[in-house]
Amino acid sequence: MSRTDRAPAGRRHVSRSTLVLRWLGLALLVGVALAYVQPLRSLQATKSEVASQQAELARLTERRDVLRQRLAASESDVFIEREARKLGLVKPGEKLFVVQGIEDWKAARAR
C-alpha cells in the first residue's frame, strides 16, 4: 500500500457503519436525558408542595395549641367572670357605674 491509499498520518479511517452507530448512541443518550426532564420537574414541584404543606401544618398546629389553651382557660371561673364583665354584666347585689369621657381624660392627661 502506498501512502496515498491510506488515511493521512494520525487519522484513522472511520467506516460508515461506525459513524451511524456513534450517531445512534448519541441520539439514545439525548433521548434518555430528555426522558429524565419531566420526572425531575415533577419531583421538584412535589418537594415544593410538601414544604408548603409542612409550613401550613406547623401554622395550624400552633393555632390549635393556642385554641386549646383558650379552651382550658375558658373553663375557669375567673375567665368567665372577666368575659361577663366585658359584656357589662354584674353580680347580683353589685351596682353598675358607667364612666364616660375616659378617652378625653386620657388624652388630656397625656398632654
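Note that the structure is predicted; figures quoted are calculated from it, not measured. (Residues numbered from 1 in each chain as written. Predicted model: local features only at pLDDT ≥ 70, side-chain atom pairs only at ≥ 80, totals over all residues. Heavy atoms only, no water.)

Asker: Just checking my understanding: could you explain the overall build of the protein for this structure?
Answerer: In terms of helices and strands, the protein carries three helices and zero strands. Element order for the protein, N to C, with α for helix and β for strand: α-α-α. Here the C-alpha radius of gyration of the protein, 41 Å, is well above what a compact globule of 111 residues would show, namely 13 Å. Along the first, second and third principal axes, the C-alpha atoms of the protein reach 130 × 40 × 15 Å. When burial is assessed residue by residue, the protein has 0% of its 111 residues classed as buried. Of the roughly 10,900 Å² of accessible surface on the protein, 60% is carried by carbon and sulfur atoms. Charge-centre separation for the protein: the mean point of 21 positive side chains lies 18 Å from the mean point of 12 negative side chains. (Helix = DSSP H or I, 4+ residues; strand = E, 2+ residues; numbered from the N terminus. Rg over C-alpha atoms; globule rule 2.2 N^0.38 Å. Buried < 20%, exposed > 50% of the residue type's maximum accessible area, 1.4 Å probe, protein only. Areas by Shrake-Rupley, 256 points an atom, 1.4 Å probe, with all protein chains shown as cover. Lys, Arg positive; Asp, Glu negative; His and termini not counted. Charge placed at Lys NZ, Arg CZ, Asp CG, Glu CD.)

Asker: Is there a simple way to think about the pattern of salt bridges in this case?
Answerer: Working definition: two side chains of opposite charge can pair if their charged atoms are close together. Tallying each qualifying case throughout the model produces six salt bridges. Across the salt bridge formed by Lys-91 and Glu-81, the nearest N and O atoms sit 3.6 Å from each other. You can see Lys-91 sitting in the loop between helix H2 (77–86) and helix H3 (102–110) and its partner Glu-81 sitting in helix H2, a full ten residues away along the chain. Among the residues examined, Lys-91 registers a relative accessible area of 42% and is labelled partly exposed. (Salt bridge = Lys/Arg side-chain N within 4 Å of Asp/Glu carboxyl O.)

Asker: Whenever I open this one, the confidence of the model for the protein confuses me. Can you help?
Answerer: Any segment with low pLDDT has predicted coordinates that should not be analysed in fine detail. Averaged over the protein, the pLDDT score is 88; the fraction of residues at 70 or greater is 90%. Looking across the protein, the model is least confident in H2, with a mean pLDDT of 89, and most confident in helix H1 (residues 16–74), with 93. (pLDDT = per-residue confidence, 0-100.)

Asker: How should I be thinking about a nonpolar patch on the surface in this particular structure?
Answerer: Among the surface-exposed residues, Val-14, Leu-19, Trp-23, Leu-26, Val-30, Leu-34 and Val-37 lie close enough to one another that they form a single nonpolar patch of about 650 Å² accessible area. Structurally, Val-14 can be placed in the segment before H1. (Patch = residues over 30% accessible without salt bridge, like charges linked within 9 Å, V, L, I, M, F, W, Y side chains within 5 Å.)

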